[in-house]
Amino acid sequence: MADGETGELGRIGLQRADLFRQQCYINGKWVGEPTVDVRNPATRGVIGRIPDLGKSETEAAVAAAAAALPKWKAEPAAARAKILRKWNELMLKHQEDLARLMTAEQGKPLAEARGEIAYAGAFFEWFGEEAKRVYGDTIPAPASDRRIMVLKQPVGVVGAITPWNFPTAMITRKVGPGIAAGCTVVLKPSELTPYSALALAVLAEEAGLPPGVLNIITGDAEPIGRVLTEDPRIAKFTFTGSTPVGKKLAAQCMGTVKRVSLELGGNAPFLVFDDADLEAAAAGAIISKFRNTGQTCVCANRIYVQDGVYDAFAKLLAEKASNLVVGDGLAGVTTQGPLINAKALEKVEAHVADALGHGAKALTGAARDSHGGTFYQPTVLRDVAPDALLTREETFGPVAGLVRFKDETQALQFANNSRAGLAAYAFTQSLARSWRVSEGLEYGMVGMNTGLISTEVSPFGGVKESGVGREGSKYGIDEYLDLKAVFVQL
């Protein structure tokens, strides 16, 4: 590794150097020759490299997971829970190292990275406890000499593909319930943020997770994805990412009729009614819109504001957005990092240009940041056309576009005019309206008077083209369990 690359890794400042791994993890062994560069999006410097594995290595990982399955699913739930609890404890013990590694490869502010590590580890703790509560049923039989029982059993080997925007939490939200239920896992993390995943494997081994229960593959998405979706040894496939890719992968799964759960793209509406607490609404919009530099699937993507408070809310939101601190998370205190790559930057610029070209006005931002690279200024646009590009597509960047609405009926029409159905937000001080709007929004999750909706204790997922299945909460472990009816003749 060249001097400049060594320096980029050195900037991270890890206290525990062995958390940084440049090989894949298969059947308890570190394998593969690192050949593919991984860059820090803030500096574009090379952090390190990862292996470019493909079909044969993925099949080896599947074989390892299949071989480990019988023993792992036979382990008592309490034994699986003990390992998951220890795994969470190790994550919290090394929270700073894991956070700095995440900021280096993903770009998010260090404070957000620390928060993600705590949030991610909570899924291990939660699902470890849920493993002990996988209850079956007895059903009253139609005859006195018969008995009917319903068992819940692990689905088997799980194939998982996770994205770059939450490189630790998106893993633990899938791996946690899978392992808790008694499944084994083959995981492909994003090639943009692989080191967070590989660090988890180091801690998994230390927590006592047996070889083959968790396997991590990096490399070309197409051949790896083919194996994870088409290999009959994999019983369930879970994916978080874009809707077009999710549809393609789900179709591939149908050749072997796998269980599928998908958490796909969003286009979240954010409604501000005349009777809203504007200070709370603006604070909620900042959290929802600008967290992770706008690169979350539940980001407020379309902000609809009622006529009576439109001007006041626009001014307040612009003031708050202009106070956000842009910069490299490893170089100082920041609240906004870079966009993940040049393609993401180009999309943000295209959405802003389209809005401005159709009459919108920039209250703050609307330009690249002085830090250069893929940094973009936090942006608030007012008078955005209802059919602007940024209302029809997920921007995935730090751009808040404000659209006017007249009444509750129009607000719901605007909000529901999307094939996405992941998250929605609304601010009102009317109890009656809060119920009507919550029930009227065609979304899997609704933040009512809050911009923060993610927690391990609540189900996360969408409707329409935003996916199928739920992650987190008591419902999340059911995605990794099969129901078996047992009929007994006495």
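Scroll up for the structure.
Student: An account of the sheet that holds strand β20 (residues 481-489) is requested, with residue identities and associated values reported.
Tutor: If you walk across this open sheet you meet the 3 strands as β5-β6-β20, and the pairing is antiparallel. The open sheet terminates on both sides in strands that have one partner only, identified here as β5 (137-139) and β20. Across the sheet, the mean angle from the axis of one strand to that of its neighbour is 25°, orientation sign disregarded.

Student: Describe the packing of helix α10 (residues 278-290) against helix α11 (residues 310-322), with residues and values.
Tutor: Each pair of packed helices can be summarised by the angle the axes make with each other and by the distance between the axes. Relative orientation of the contacting elements α10 and α11 amounts to 50°, with a least axis distance of 9 Å. As summarised for this structure, α10 and α11 are arranged oblique, according to the angle between their axes. Crossing angle aside, the handedness with which α10 passes α11 is right-handed. Residues Leu278, Glu279, Ala281, Ala282, Ala283, Ala285, Ile286 and Phe290 of α10 form the contact with α11, whose own contacting residues are Ala312, Phe313, Leu316, Leu317, Lys320 and Ala321. Residue classes in the contact of α10 with α11 are distributed as 12 nonpolar, no polar and 2 charged.

Student: Describe the pattern of salt bridges, and please don't skip the residues or the numbers.
Tutor: Enumeration according to the criterion identifies 35 salt bridges in this entry. Ionic pairing is found between Arg368 and Glu349, a salt bridge with its closest N-O pair at 2.7 Å. Residue Arg368 is located in the loop between β14 (361-364) and β15 (379-382), and its partner Glu349 is located in helix α12 (residues 342-357); the two are separated by 19 residues in the primary sequence. Under the relative-accessibility criterion, Glu349 is labelled partly exposed at 27%. Between Arg436 and Glu408 there is a salt bridge, with the nearest N and O atoms lying 2.9 Å from each other. Separated by 28 residues along the polypeptide, Arg436 in helix α15 (residues 431-440) and Glu408 in helix α14 (residues 408-416) bring together distant segments of the chain. The class of Arg436 is partly exposed, set by a relative accessible area of 42%. Salt bridges here are not isolated pairs; linked through shared partners, they connect Asp307, Asp311, Lys361, Arg382, Asp383 and Arg404.

Student: Residue-level account of the sheet that holds β14, with values.
Tutor: The strand order across the open sheet formed by 7 strands is β14-β15-β16-β13-β12-β17-β18, and the pairing between neighbours is mixed. Edge positions in the sheet fall to β14 and β18 (445-448), since each has one partner strand and no second. Taking each pair of neighbouring strands and ignoring which way they run, the sheet shows an average axis angle of 25°. Taken together, the 3 bridges between β14 and β15 define a ladder with antiparallel strand orientation. The partner of Ala362 across the bridge, within β15, is Leu381. The strands touched by α14 are β12 (268-272), β13 (300-306) and β16 (399-405); relative to β16, the strand with the most contacts, the crossing angle is about 140°. Packing against the sheet, α15 makes contact with β12, β17 (423-427) and β18, and its axis sits at approximately 160° to β18.

Cut-offs applied
- Residues numbered from 1 in each chain as written.
- Predicted model: local features only at pLDDT ≥ 70, side-chain atom pairs only at ≥ 80, totals over all residues.
- Heavy atoms only, no water.
- Pairing = 2+ DSSP bridges.
- Helix = DSSP H or I, 4+ residues; strand = E, 2+ residues; numbered from the N terminus.
- Axes fitted to C-alpha atoms, helices over the stretch in contact; angles between N-to-C directions.
- Parallel < 35°, antiparallel > 145°, perpendicular 65-115°, else oblique.
- Left-handed = near helix turned anticlockwise from the far one by under 90°.
- Contact = heavy atoms within 4.5 Å.
- Nonpolar A, V, L, I, M, F, W, Y, C, P; charged D, E, K, R; others polar.
- Salt bridge = Lys/Arg side-chain N within 4 Å of Asp/Glu carboxyl O.
- Buried < 20%, exposed > 50% of the residue type's maximum accessible area, 1.4 Å probe, protein only.

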